Amino acid sequence: MKKLVYVICAFVLVILASSFYLPPTYKMAKLKYNGGGDWYGDRTALPNLIKFCNDNLRTNFQAEDEVVEVGSAELFNYPFIFMTGHGNVIFSEQEAQNLRKYLTGGGFLHIDDNYGLDPYIRPQMKKVFPELDFVELPLNYPIYHQKFSFPMLLYR
């Protein structure tokens, strides 16, 4: 009887412990693109973002980032993709259409201009959304004041 009680207690402890651990449910990926703009640059940015989100926002992202090509069907496996680099970016028509489908379907693209990406990404994003233009959001826009508020003082 004593042995059965120990087995039941051990079983309950395993159940309780497993209920506190949730395996990662989402993955983030770095976007691999053509053109020579070193898509692989800034190797610590995405792992640091993942750690910050998991620690401070209580997200459940896999700790290791992955790599996905802009034209791949695998793109749709990631709710968040990160793009960085310096210099040239080229999207084929198929890649632009794939990225458009991903973004209009709810995917999120974070573009980090790691010095020099801006003039190259704008024409490529025009391929993705020819009917749209980039618009600078004013500093009082609500997105800047959700979970963390970015004081106007920092931008002066």
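Structure shown above.
The rules behind these values
Residues numbered from 1 in each chain as written. Predicted model: local features only at pLDDT ≥ 70, side-chain atom pairs only at ≥ 80, totals over all residues. Heavy atoms only, no water. Helix = DSSP H or I, 4+ residues; strand = E, 2+ residues; numbered from the N terminus. Expected span 1.5 Å × (residues − 1). Buried < 20%, exposed > 50% of the residue type's maximum accessible area, 1.4 Å probe, protein only. Arc of directions from axis to C-beta. Contact = heavy atoms within 4.5 Å. Core = buried A, V, L, I, M, F, W, Y, C linked by side-chain atoms within 4.5 Å. Phe/Tyr/Trp six-rings, centres within 6.5 Å; stacked < 30°, edge-to-face > 60°.

Trainee: Before we go on, may I ask you to explain helix 2 (residues 45-56) in this structure?
Mentor: A rise of 1.5 Å per residue sets the reference length of helix 2, with its twelve residues, at 16 Å; its end C-alpha atoms lie 16 Å apart and thus fit the reference within 8%. Considered for burial, the residues of helix 2 that qualify are A45, L46, I50, C53 and N54. Angular distribution of buried residues about the axis of helix 2 spans 160°; they occupy a single face of the element. Against strand 1 (28-32) and strand 3 (80-85) lie the buried residues of helix 2. Taken from the residues just after helix 2, R58 is the one with a positive phi, measuring 60°.

Trainee: Looking at this structure, I do not really get the nonpolar core. What am I missing?
Mentor: Here is a general trend for soluble globular proteins: nonpolar side chains tend to be buried in one another's company. Counting residues in each nonpolar core, the largest one holds 22 residues, and the members touching the most others are I81, F91, L99 and M125. The biggest single contributor to this core is helix 3 (residues 93-104), with four residues. Residue contacts for M125: discarding those within four places in its chain leaves F91, L99, L103, L109, I111 and F134. Formed by eight residues, the second largest nonpolar core is a distinct cluster that contains M28, A45, L46 and F80.

Trainee: What is the right way to look at the packing of aromatic side chains in this model?
Mentor: Geometrically, a pair of aromatic rings is defined through the distance of the ring centres and the angle of the planes. Per the stated rule, a full pass over the model turns up five aromatic pairs. Ring geometry for F52 against F148: centres 5.8 Å apart, planes inclined by 50°, an arrangement best described as tilted. Of this pair, F52 sits in helix 2 while F148 sits in the segment after helix 4 (118-128), placing them 96 residues apart in sequence. Aromatic side chains F80 and F108 sit 5.3 Å apart centroid to centroid with 25° between the ring planes, which places their arrangement in the stacked category. Residue F80 is located in strand 3, and its partner F108 is located in strand 4 (residues 108-113); the two are separated by 28 residues in the primary sequence. Among the residues examined, F80 registers a relative accessible area of 13% and is labelled buried. By relative accessible area, F108 is classed as partly exposed at 44%.

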